[in-house]
Amino acid sequence: MLDIKFIRENTDIVKQALIDKCIDLDIDLLLSVDKQIIAHKQAMEAELQKRNALSREMPTATPERKAEIKELSKKSGQLAAQIADELKLLEAQFQELIERTPTIPAPDVPKGKSDEENVVIRKVGTPPVFDFPIKDHVDLMEMHGWGEFKRIPQICGTRSSSIRGELLQVEMAMWQFTLNKLMEKGFTIMSVPAMAFEDAFYNMGQFPFDVESVYALPKDNLYLAGTAEAILNSIHSGEILKESDLPIMYAGFSPCFRREAGAAGKDTRGIFRVHQFTKVEQYVICKADVVESDKFHQFLLNNAEEVMQALEIPYQVVACCTGDMGAGKYRMNDIEAWCPGQNRYRESHSCSSLLDWQAHRTNIRYREAVTNKVRYAYTLNNTGLATPRILVSFMENHQQADGSVRIPKALQPYLGGKEFIGKKSADKK
């Protein structure tokens, strides 16, 4: 969320950001509530000063005046209580409104209303040309018994499946490869719980915007997270860090859950869009400096591109437009993997800079070494690797004429030197 002082001083800029990001929020109402809060606090202070003055007068007052002072104090207390009740309601309304205020997008972010207006920045790798009829990932998985698409949905519901055999080994190899790479880059790798209290989702900024995509566990007041970011962002909630502590870089490994509300009929075949998946998430807390944030944004993006290049999957990087980037984002780039079975690029990673938007919600601050000033930190995040989605493009791009799948050199050490999966035993000799 934005600082109210910034909103007061830059109302037109905030209103334009709301238009650009397609967010329905009445900034004039927010400012009106803000003014009422200030007026109520001033009224509370006036009543406090009045009661203090009456208290100082009490010891030397005549009996008649003492009776009058008691009556005045009683009325002042009643008025103060009324003002306090009204203030509580106003502050709740204010909080609800300010939580929906957006980060002002970077000047070079393309304007648009949906992902259809995102801009391709670059393409890396050449989509393969096959001299045989290709199979999509479901055909390949069914051919080799690498997935369970019939029994599991009967037990667990739609958008559920099971990864089996050699393909599960590949999936686990991808996780280990990615975690090793990020650890070498200076990240603290860590396992992260899949459940968190409601505050974590407000801190991250998923609530109140996207409540419908989250699984709720009401008996325990918990929710299932769709990304480790929900937990990583709250680890330092309420803390004042030292400038020397920054940057803090976490790579969180966790199971993730999404209801996929609103996705009825989309990607129902196979493992591209499922309710439960596993993800390595990059997360950074850095100093409150746009240049510093841009540096880490590129760093996170480069890390993800290096993973894609190591997996030898053709991809494109896109600049997400204002209407597709969400309320908190200052800058957002998606990586989209080439999927031969669909003959198009599909999102595999999402890299975001949020400036101090999350830090205001989470109250993450640091003390500057030179000035001793306490400032809100900046946060960023990006996917490291998400499975099983990446397995779709992996299998389809590396498939061979016999239905086997080639293993890139970067993964072979994690698979005992195996160069292919799905080859017959006779073919391996």
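Quantities reported herein were computed from a predicted structural model and do not represent experimental measurements.

Asker: With reference to specific residues and values, describe the packing of aromatic side chains.
Answerer: Here the structure, examined in full by the defined rule, presents 11 aromatic pairs. Pairing Phe207 with Tyr223 gives two aromatic rings, centres 5.3 Å apart and planes at 80 degrees, and the pair type is edge-to-face. Of this pair, Phe207 sits in the loop between helix 8 (198–204) and strand 6 (216–217) while Tyr223 is found in strand 7 (residues 222–224), placing the two residues 16 residues apart along the sequence. By the burial criterion, Phe207 is buried, and Tyr223 matches it. Relative to Trp357, the ring of Phe209 has its centre 6.4 Å away and its plane inclined at 40 degrees; by these criteria the two rings are tilted. Here Phe209 is found in the loop between helix 8 and strand 6, whereas its partner Trp357 is found in helix 11 (residues 357–362), with 148 residues between them in sequence. On the basis of relative accessibility, which here comes to 29%, the residue Phe209 falls in the partly exposed class. Seen from the ring of Trp357, Arg361 lies directly overhead, with NZ or CZ sitting 4.5 Å from the centre. One cation-aromatic arrangement involves Arg389 over Phe272; the distance from NZ or CZ to the ring centre is 3.9 Å.

Asker: Give a detailed account of the layout of surface pockets, specifying residues and quantitative values.
Answerer: What the second largest pocket holds in volume is close to 450 Å³. Lining the second largest pocket we find 16 residues, and of these Asp3, Phe6, Asp356, His360 and Tyr378 sit closest to its centre. Per-element accounting of the lining of the second largest pocket gives the leading share, three residues, to strand 15 (residues 374–376). Here the residues of the lining of the second largest pocket sort into nine nonpolar, two polar and five charged.

Asker: Can you explain the pattern of salt bridges? Please cite residues and give values.
Answerer: Using the criterion set out here, one finds 24 salt bridges in the structure. With a closest N to O distance of 2.9 Å, Arg331 and Asp108 form a salt bridge. Here the residue Arg331 occupies a position in strand 12 (residues 331–339), and Asp108 occupies one in the loop between helix 4 (63–98) and strand 1 (119–124), the gap between them amounting to 223 residues. On the basis of relative accessibility, which here comes to 16%, the residue Arg331 falls in the buried class.

Asker: Tell me about the pairing of strand 13 (residues 344–353), and name the residues and values.
Answerer: Across the 10 residues of strand 13, eight count as buried, placing the element largely inside the fold. Here nine bridges tie strand 12 to strand 13, and the two strands are oriented antiparallel to one another. Across the sheet, the residue bridging to Trp338 is Tyr345, located in strand 13. Remark: four residues form the turn of the hairpin made by strand 12 and strand 13, two consecutive strands paired antiparallel; Asn343 in that turn has positive phi of roughly 60 degrees. One ladder, built from three bridges, connects strand 13 with strand 16 (residues 378–387); its direction is antiparallel. Bridged to Ser353 within strand 16 is Leu380.

Asker: Lay out the environment of Trp175 in plain terms, naming residues and giving numbers.
Answerer: Residue placement: Trp175 occurs in helix 7 (residues 165–184). At 2.9 Å, the side chain of Trp175 forms a polar contact with the side chain of Thr387.

Asker: With reference to specific residues and values, describe the pairing of strand 10 (residues 276–286).
Answerer: With 10 of its 11 residues buried, strand 10 lies for the most part within the structure. One ladder, built from 10 bridges, connects strand 9 (residues 248–257) with strand 10; its direction is antiparallel. Bridge pairing in strand 10 places Tyr250 opposite Tyr283. The pairing of strand 10 with strand 16 spans nine bridges and is classified as antiparallel. Its bridge partner being in strand 16, Ile285 is matched across the sheet by Thr379.

Asker: Give a description of the packing of helix 7 against helix 12 (residues 389–398) that names residues and reports values.
Answerer: Taken N-terminus to C-terminus, the directions of helix 7 and helix 12 make an angle of 115 degrees; their axes are 11 Å apart at the nearest point. Relative to helix 12, the element helix 7 lies roughly perpendicular. Between helix 7 and helix 12 the crossing geometry is right-handed. Two secondary-structure elements touch here, helix 7 through Leu167, Val170, Glu171 and Met174 and helix 12 through Ile390, Leu391, Phe394 and Met395. Here the contact of helix 7 with helix 12 is composed, by residue class, of seven nonpolar, no polar and one charged.

Asker: Could you give an account of a negative patch on the surface, with specific residues and numbers?
Answerer: Negative charge collects at one region of the surface, where Asp115, Glu116, Glu117 and Glu347 lie side by side. Along the polypeptide, Glu116 turns up in the loop between helix 4 and strand 1. Exposure remark for Glu116: the relative accessible area of 74% places this residue in the exposed category.

Asker: Now, about the sheet that holds strand 4 (residues 188–191): what can you tell me, with residues and values included?
Answerer: Overall, mixed pairing links the eight strands, which are arranged 1-11-12-13-16-10-9-4 in an open sheet. The open sheet is flanked by strand 1 and strand 4, the only strands paired with a single partner. On average, each strand axis in the sheet is tilted by 25 degrees relative to the strand beside it, whichever way the strands run. Two strands pair when backbone bridges link them, and strand 11 (residues 315–319) and strand 12 are joined in this way by five bridges, in the antiparallel orientation. Note on strand 12: the bridge partner recorded for Val318 is Asp334. In this fold helix 10 (residues 290–310) packs onto strand 1, strand 9, strand 10, strand 11, strand 12, strand 13 and strand 16, with an angle of close to 5 degrees to the strand it touches most, strand 16. Each of strand 12, strand 13 and strand 16 is contacted by helix 12, which is oriented at about 40 degrees to strand 12, the strand it contacts most.

Asker: Could you give an account of the packing of helix 5 (residues 137–144) against helix 12, with specific residues and numbers?
Answerer: With their axes 9 Å apart at the nearest point, helix 5 and helix 12 run at an angle of 80 degrees to one another. The orientation of helix 5 relative to helix 12 falls into the category roughly perpendicular. Between helix 5, through His137, Leu140 and Met141, and helix 12, the contact on the second element is made entirely by Val392, Met395 and Glu396.

Asker: I'd love a proper account of the sheet that holds strand 8 (residues 240–242), names of residues and values included.
Answerer: Spatial strand order, 8-14-15: three strands in an open sheet with mixed pairing. Edge positions in the sheet fall to strand 8 and strand 15, since each of these pairs with one other strand and no more. Direction aside, neighbouring strands of the sheet carry axes that sit 35 degrees apart on average. Summarising the sheet, strand 14 (residues 365–367) and strand 15 pair through three bridges and their orientation is antiparallel. Bridge assignment links Tyr366 to a residue of strand 15, and that residue is Arg375.

Reading guide: rules and limits
- Residues numbered from 1 in each chain as written.
- Predicted model: local features only at pLDDT ≥ 70, side-chain atom pairs only at ≥ 80, totals over all residues.
- Heavy atoms only, no water.
- Phe/Tyr/Trp six-rings, centres within 6.5 Å; stacked < 30°, edge-to-face > 60°.
- Helix = DSSP H or I, 4+ residues; strand = E, 2+ residues; numbered from the N terminus.
- Buried < 20%, exposed > 50% of the residue type's maximum accessible area, 1.4 Å probe, protein only.
- Lys NZ or Arg CZ within 6 Å of the ring centre and 35° of its normal.
- 1 Å grid on protein atoms, 1.4 Å probe; cavity = no way out; pocket = protein on both sides within 12 Å on 5 of 7 lines; lining within 4 Å.
- Points joined across faces, edges and corners; volume = space filled by probe spheres on them.
- Nonpolar A, V, L, I, M, F, W, Y, C, P; charged D, E, K, R; others polar.
- Salt bridge = Lys/Arg side-chain N within 4 Å of Asp/Glu carboxyl O.
- Pairing = 2+ DSSP bridges.
- Polar contact = N/O pair within 3.5 Å; in protein donor to acceptor, adjacent residues only side chain to side chain.
- Axes fitted to C-alpha atoms, helices over the stretch in contact; angles between N-to-C directions.
- Parallel < 35°, antiparallel > 145°, perpendicular 65-115°, else oblique.
- Left-handed = near helix turned anticlockwise from the far one by under 90°.
- Contact = heavy atoms within 4.5 Å.
- Patch = residues over 30% accessible without salt bridge, like charges linked within 9 Å, V, L, I, M, F, W, Y side chains within 5 Å.
- Areas by Shrake-Rupley, 256 points an atom, 1.4 Å probe, with all protein chains shown as cover.
- Lys, Arg positive; Asp, Glu negative; His and termini not counted.
- Charge placed at Lys NZ, Arg CZ, Asp CG, Glu CD.

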